[in-house]
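# Chains, contacts and geometry: an overview
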Amino acid sequence: MRHVKNPPNPYDRYSAEYVGEPPPTKLEVFEETATKKVITKAFASDWEGGWRYTVNCYRGCVHGCTYCFARQYHEFLGYGAGTDFETKIVVKPNAPQILREELKKTRDKMPHLDFSFATDPYIPLEAEYKLTRQCLEVCAEFRVPTAVITKSPLVTRDIDVLLKQSKVSVFFSMPFLTKEKSNPFEPYTPVPEARFRAMKKLSDAGITTGIGIAPVIPGYNEPDIPGLLERAKECGASRAFMSMLHLDTDSIEDYFVQKMNERLTASRVSRIINTIKRERGGTLRHRSYKERGTGMTEQWEVTQKLFDFHVRRLGFKGHEAPKPLEEPVSVQPNLF
Ligand code: SF4
């Protein structure tokens, strides 16, 4: 049983605390029909040439990864970054129509569209709503190159639409090799093996696939890196990137630490916290946006070399991480 638990929302003047046990969480789905834009100019990157533009048909994510940086976006809606993010899901039923109208005006300037960064485009609700699928159909029509980043095998439902894209890659976010390692941080996601099976299915169908080892949690999952890359290679992946854990706001930090304390031993938590602090110069948070995806110590360099070595050994192509070059410009609050 999950109970409602949210860090104080920094955009609210007051925050409430329950006297006694908080109520159990329940899934609530809201349809947002006032949406005017679905394409967001998110951030500049040195990956695949230039600005990243993203499309998100949902807000919130039932997968509930404790490290998720998208948790902060729920606070703009007046919800919490904790269990609210995982259970109050906003759906944009008009997303495909709006995307078509936007692409009619912007197609010539649109180098690439990413389906990710604010939610998983294949949360279970997508099975019913089919909004990501319909948006991909629009992208195929306008011949916009696309990328999908997901943790869900539901993406295999859309192999037919993915094959119609002018250019497409599907990345599976997989920071942990086993269910046991994943569970404390990704309690409601499909298990790693299910993601690998989906990766193989897409690769066998001729779709470019990749693995995102993100986040690397210092002191926890570095040893998984060689095995993850090997398993991804066996499943036909040709691309890989890695990035370090970044806790972008106080709320996310609070929730991340609280969930570690609930699910890991005290000695394990203390090792992880101390290792992150070493990488961040004494705190759990990065000092600047540019330091967000990398560490500061020689230990991080060793981790990077470990990744690079196995990427070369296994023959991954274009393995550089999608490192943002500067602060996001319009990520929030008009991300959606
Ligand atoms: S699947 Fe992605 S969007 Fe969803 S909670 Fe996990 S990291 Fe966040």
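Residues numbered from 1 in each chain as written. Predicted model: local features only at pLDDT ≥ 70, side-chain atom pairs only at ≥ 80, totals over all residues.

## Let's talk about the overall build of the chain
What counts here: We count a stretch as a helix when DSSP gives it H or I for four or more residues in a row; a strand needs E for two or more, and each element gets its number in order from the N terminus. Exposed residues have 12 or fewer other C-beta atoms within 10 Å of their own C-beta, buried residues have 20 or more, and partly exposed residues fall in between, where C-beta atoms are placed from the backbone.
Helix and strand content of the chain: 12 helices and 10 strands. With the C-alpha coordinates of the chain rotated into their principal frame, the extents come out at 50 × 50 × 35 Å. A total of 336 residues make up the chain; the buried ones form 44% of that total.

## Section: the site of the ligand
The cut-off we apply is this: What makes a residue near a molecule or strand is its C-beta atom, placed from the backbone, lying within 6 Å of it. As a working rule, the residues Ala, Val, Leu, Ile, Met, Phe, Trp, Tyr, Cys and Pro are called nonpolar, Asp, Glu, Lys and Arg charged, and the rest polar, with Gly in that last group.
In the vicinity of the ligand, the residues found are Cys61, His63, Gly64, Cys65, Cys68, Ala70, Thr119, Asp120, Lys151 and Thr189. By residue class, the composition of the shell around the ligand is 4 nonpolar, 4 polar and 2 charged.

## Quick notes on the sheet that holds strand β4 (residues 58-59)
Stated formally: At least two DSSP bridges between two strands are needed for those strands to be called paired.
The strand order across the open sheet formed by 3 strands is β1-β5-β4, and the pairing between neighbours is mixed. Both outer strands of the open sheet, β1 (28-31) and β4, are each paired with one neighbouring strand and no more. Bridge analysis of β4 against strand β5 (residues 88-91) gives 2 bridges, and the strand direction is antiparallel. Across the sheet, residue arginine 59 finds its bridge partner in β5, namely valine 90.

## Description of the environment of lysine 41
On the secondary structure map, lysine 41 appears in strand β2 (residues 39-45). Using a count of 15 C-beta atoms within 10 Å as the deciding quantity, one classes lysine 41 as partly exposed. Along the backbone, lysine 41 and threonine 189 are 148 residues apart, and their C-alpha atoms lie at a distance of 27 Å.

## Concerning the domain arrangement of the chain
We count it as follows: Segment limits for the domains were obtained from an automatic or database-derived domain assignment.
For the chain, the assigned domains are domain 1 (32-57 + 92-166) and domain 2 (169-246 + 286-325). Taking only C-alpha atoms into account, the centre of domain 1 sits 22 Å from that of domain 2.

## Quick notes on the nonpolar core
Basically, it comes down to this: Think of a nonpolar core as buried Ala, Val, Leu, Ile, Met, Phe, Trp, Tyr and Cys residues, each tied to the set through C-beta atoms within 7 Å. By the convention adopted here, residues are in contact when the distance between their C-beta atoms, placed from the backbone, does not exceed 7 Å.
Core analysis: the largest hydrophobic core is formed by 79 residues, its most contacted members being Cys135, Ile211, Ile213 and Ala240. Counting residues per element, this core draws most heavily on helix α5 (residues 131-142), at 5 residues. Inspection of this core shows a minimum of three residues originating in each of domain 1 (32-57 + 92-166) and domain 2 (169-246 + 286-325). In contact with isoleucine 213, not counting residues within four places along its chain, are Met174, Pro175, Ile225, Leu228, Ala240 and Met242.

## Here's the deal with the environment of arginine 231
Summarising the element assignment, arginine 231 is placed in helix α9 (residues 225-234). Taking the C-beta count within 10 Å as the criterion, arginine 231 has 20 such neighbours and is therefore assigned buried. With 20 residues separating them along the chain, arginine 231 and isoleucine 211 place their C-alpha atoms 9.8 Å apart.

## A closer look at the pairing of strand β9 (residues 208-216)
Definition in use: The definition of a right-handed crossover adopted here requires that, viewed with the strands pointing away, the path from the first strand over the helix to the second runs clockwise.
Across the 9 residues that make up β9, a large majority, 8, are buried. Here strand β8 (residues 168-173) runs beside β9; their pairing, made up of 5 bridges, is parallel. Across the sheet, valine 170 pairs through a bridge with threonine 209, a residue of β9. Pairing geometry for β9 and strand β10 (residues 239-244), over 5 bridges, is parallel. Each bridged residue has a counterpart across the sheet, and for isoleucine 213 the counterpart in β10 is methionine 242. The handedness of the β9 to β10 crossover, carried by α9, is right-handed.

## With respect to the confidence of the model for the chain
The following threshold applies: Note: pLDDT gives the predictor's confidence per residue, expressed from 0 to 100.
Model confidence for the chain is summarised by a mean pLDDT of 92, while 92% of its residues fall at 70 or above. In this model residues 319-336 is a low-confidence stretch, pLDDT under 50, and it forms 43 contacts with partners more than four residues away in sequence or in other chains.

## Thoughts on helix α3 (residues 95-106)
An α-helical turn contains 3.6 residues, so a residue and the one three or four places further along point in the same direction. Where we set the bar: To estimate how far a helix should reach, multiply one less than its number of residues by 1.5 Å. Within this analysis, the arc is defined by the directions that extend from the helix axis to the C-beta atoms.
Its 12 residues give α3 an end-to-end C-alpha distance of 16 Å, which sits within 8% of 16 Å, the value for a rise of 1.5 Å per residue. Where α3 is concerned, the buried positions are Ala95, Pro96, Leu99 and Leu103. In an axial view of α3, the angular spread of the buried residues amounts to 90°, which keeps them on one side of the axis. Among the exposed residues of α3, those oriented more than 90 degrees off its buried face are Lys104 and Lys105.

## Here we look at the packing of α9 against helix α12 (residues 298-314)
What counts, and what does not: Only C-alpha atoms enter the line fits that serve as axes; for helices the fit covers just the stretch in contact. Angles between N-to-C directions range over 0 to 180 degrees. Here the angle decides the label: under 35 degrees means roughly parallel, over 145 means roughly antiparallel, 65 to 115 means roughly perpendicular, and every other value means oblique. Take the far helix as your reference; a near helix turned counterclockwise from it by less than a right angle gives a left-handed crossing, and one turned clockwise gives a right-handed crossing.
One way to put it is that α9 packs onto α12 with a least axis distance of 9 Å and a crossing angle of 25°. One finds that α9 runs roughly parallel with respect to α12. At the point where α9 passes α12, the crossing takes the right-handed sense. Each of Ile225, Pro226, Leu229, Glu230 and Lys233 in α9 lies in contact with α12, whose residues at this interface are Leu306, Phe307, His310, Val311 and Leu314. Split into classes, the residues belonging to the contact of α9 with α12 amount to 7 nonpolar, 1 polar and 2 charged.

## Overview of unusual backbone geometry
Peptide bonds are, in most cases, trans, and in most cases residues other than glycine have a negative phi. That bond from alanine 214 to proline 215 is cis: its omega, 5°, falls within 30 degrees of zero. By secondary structure assignment, the location of proline 215 is in strand β9. Its identity as a non-glycine residue notwithstanding, lysine 130 has a phi of 55°, on the positive side. Looking at the element boundaries, lysine 130 is found in the loop between α4 (126-129) and α5. Even without a glycine there, the phi angle at arginine 143 is positive, about 55°. Along the chain, arginine 143 falls in the loop between α5 and β7 (146-150).

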